[in-house]
Amino acid sequence: MLLRATISLAALPILVAACGRPSQEVTVQRSSDEVLSCFQLNSEYQANLDSIGFNRDESLARERDNLGSIAGVLVGGVGALAAVDMGSAEEAELRAFIARNRRIAELSEAKQCPPLEPDMDSIVSELEAAEAAREAAPTTRPEEQ
Amino acid sequence: MKIALSLILVTLLAACAQPARVSQMTTQAIQPERVAANPELQGAIELGGVGGGEETSPLWTSEVGTPEFRQALDQSLQVSGMLAPDPAAASYMLEADLIEVDQPFMGFSMTVASTVDYKVYNKADNTLFFQKVVTASHTATPSDAFLGVKRLQLANEGSVRENIRQFLRAFINHWEQNKPIEAVPEGVELSLLSQ
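Quantities reported herein were computed from a predicted structural model and do not represent experimental measurements. In this convention, every chain numbers its residues from 1, walking through the sequence in written order. Chain labels run from A onward and ligand labels from 1 onward, assigned in the order the entries are written. Reporting in this predicted model follows two pLDDT cut-offs: at least 70 for local features of residues, and 80 or more for side-chain atom pairs to be given and counted; totals over whole chains, interfaces and linings ignore these cut-offs and use all residues.

**A look at the overall build of chain B**
Along chain B, the regular secondary structure elements total six helices and four strands. Each helix (α) and strand (β) of chain B, taken in turn from the N terminus, gives the series α-α-α-β-α-β-β-β-α-α. Here the C-beta atoms are placed from the backbone, and a residue counts as buried if at least 20 other C-beta atoms lie within 10 Å of its own, exposed if 12 or fewer do, and partly exposed otherwise. Taking all 195 residues of chain B together, 44% fall into the buried category. Contact criterion: two residues are in contact if their C-beta atoms, reconstructed from the backbone, are within 7 Å. For chain B, the share of sequence-separated contacts (at least 6 apart) that also reach a separation of at least 24 residues comes to 71%. By definition, any uninterrupted DSSP run of H or I lasting at least four residues is a helix, any uninterrupted run of E lasting at least two residues is a strand, and each is numbered from the N terminus.

Dropping the structure here:
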């Protein structure tokens, strides 16, 4: 009884602290936006698309790590939950990059710059479709498809 | 009590180290208004050789890998509007050597200092246009991440991000002070330009 209580108390601060990495600040509207050239707008837009890809990869990697940590609870005890990253920094950054790119697209259109490609609506649709497929995957058996 | 502490210690030690991530080493746009005011700076840089990084062993500490450092530099230049879409058309070539990543072995607050030697060559005559060794540090605390390996990873990433930021600021400053003088159009007297 005493041992259980001790373990629980010792694990508590770890669980509280296990909240993942802080998200990086991504500013959607900036004071310098109005002076940006078409080249700068396109350049940042493309870089943000890459960042969206990196964040998505990170998010998937985190989920894999968390599954490993949860499995680790079985062999390593409650303390293994400290390795579970409960944060959603990648998702927050991903949303911010999408919002920033929508803002860039507006600026680009207002400046009559060449159209930015691919457009964010198609990117968001792709992300949503991939997310839906991923969520459906564990419950769908091959023979059911 | 001893068992509980042992379990926690085993868990902390069991966590695997991961390399520094590109997304966390990439800066936001650096001084975009100054780049906007200088069209010659836009798309002016080609990324050349990048080296000095170390591969991360999952069983040891988080490191900054060369491919990730290169990608972070590339992304930071692009987001700032200075990366040349066509390398052949670039005016400058950037080379970066990650000389040192000074990491603590353990600690609650972990401070990492990264040192990078940046060299920018003028491609027209292959002369060194700008050179600077930048050392930048970042501290990650237990409130950022509880696990030591994760905290070290965050400190690595923050340190490199700050390093790239300082380099880009210094380069823009240097470029503005030493920018190439534009050719004077025929028929325009020099005295008119100074007015």
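From this point, the narrative continues.
**Re the overall build of chain A**
Along the backbone of chain A there are four helices and zero strands. In sequence order, chain A lays out its α and β elements as α-α-α-α. The long-range fraction of contacts in chain A, counting pairs at least 24 apart against all pairs at least 6 apart in sequence, stands at 78%.

**Some remarks on unusual backbone geometry**
In this structure, the amide linkage connecting E117 of chain A to the following residue, P118 of chain A, adopts the cis form with an omega of -10°. Among the structural elements, P118 of chain A can be located in the loop between α3 (89-110) and α4 (120-136). A positive phi is found at Q31 of chain B, a non-glycine position, where the angle reads about 45°. Note on placement: Q31 of chain B falls in the loop between α2 (22-25) and α3 (32-37). The class of Q31 of chain B is partly exposed, set by 17 C-beta atoms lying within 10 Å.

**A few points about the confidence of the model for chain A**
All names here are of chain A. Across chain A, pLDDT averages 74, with 59% of residues at or above 70. By mean pLDDT, helix α1 (residues 2-17) is the weakest element of chain A at 47, and α3 is the strongest at 91. The pLDDT value tells you how sure the predictor is about a given residue, anywhere from 0 up to 100. Of the regions scoring below 50 in pLDDT, residues 9-19 engages in 20 contacts with residues more than four places distant in sequence or in other chains.

**A short note on the confidence of the model for chain B**
All names here are of chain B. On average, residues of chain B score 85 in pLDDT, and 84% of them are at 70 or above. Every residue in residues 190-195 is under pLDDT 50, and counting partners more than four places away or in other chains gives three contacts. With a pTM of 0.77, the predicted complex shows an ipTM of 0.78.

**Quick look at the packing of helix α4 (residues 66-79) of chain B against helix α5 (residues 148-178) of chain B**
All names here are of chain B. To obtain each axis, a line is fitted to C-alpha atoms, and for helices this fit is confined to the stretch in contact; angles are then taken between N-to-C directions over 0 to 180 degrees. Where α4 meets α5, the axes come as close as 11 Å, and the angle between the chain directions of the two elements is 45°. Between α4 and α5, the angle is such that the two are oblique. The chirality of how α4 crosses α5 is right-handed. Contact with α4, carried on its side by F69, A72, L73 and S76, involves V160, I164 and L168 of α5 and no other residues of that element. Each residue belonging to the contact of α4 with α5 can be placed in one class, and the counts come to six nonpolar, one polar and no charged. Reported orientations rely on four angle classes, namely roughly parallel under 35 degrees, roughly antiparallel over 145, roughly perpendicular from 65 to 115, and oblique for the rest. Each helix crossing is assigned a hand: it is left-handed if the near helix lies turned anticlockwise from the far helix by less than a right angle, otherwise right-handed if that turn is clockwise. Charged means Asp, Glu, Lys or Arg here, nonpolar means Ala, Val, Leu, Ile, Met, Phe, Trp, Tyr, Cys or Pro, and polar covers whatever is left, Gly included.

**As for the pairing of strand β3 (residues 110-122) of chain B**
All names here are of chain B. What makes two strands pair is DSSP finding at least two bridges between them. Relative to β3, strand β2 (residues 92-102) runs antiparallel, the two being bridged by 10 bridges. Pairing of A96 across the sheet is with Y118, part of β3. Where β3 meets strand β4 (residues 127-140), 13 bridges bridge the pair, whose relative direction is antiparallel. Considered in β4, the bridge of Y118 is made with K132. Between β3 and β4, which pair antiparallel in sequence order, lie four residues; one of them, N126, sits at a positive phi of approximately 60°.

**Side note on the nonpolar core**
Residue and element names in this part refer to chain B. Residues I45 and F69 are the most contacted members of the largest nonpolar core, which totals 53 residues. Ranked by residue count, the leading element in this core is α5, at 10 residues. Excluding residues within four positions of it along the chain, I45 makes contact with L77, M82, L83, A84, A90, Y92 and L94. Joined through C-beta atoms within 7 Å, a set of buried Ala, Val, Leu, Ile, Met, Phe, Trp, Tyr and Cys residues constitutes a nonpolar core.

**Quick word on α4 of chain B**
All names here are of chain B. For α4, with 14 residues, the first-to-last C-alpha span of 20 Å sits near the 20 Å given by 1.5 Å per residue. Counting buried residues in α4 gives 10 out of 14 residues, a clear majority hidden from the surface. Of all the residues in α4, the buried ones are E68, F69, Q71, A72, L73, Q75, S76, L77, Q78 and V79. How far a helix is expected to stretch is found by multiplying one less than its residue total by 1.5 Å.

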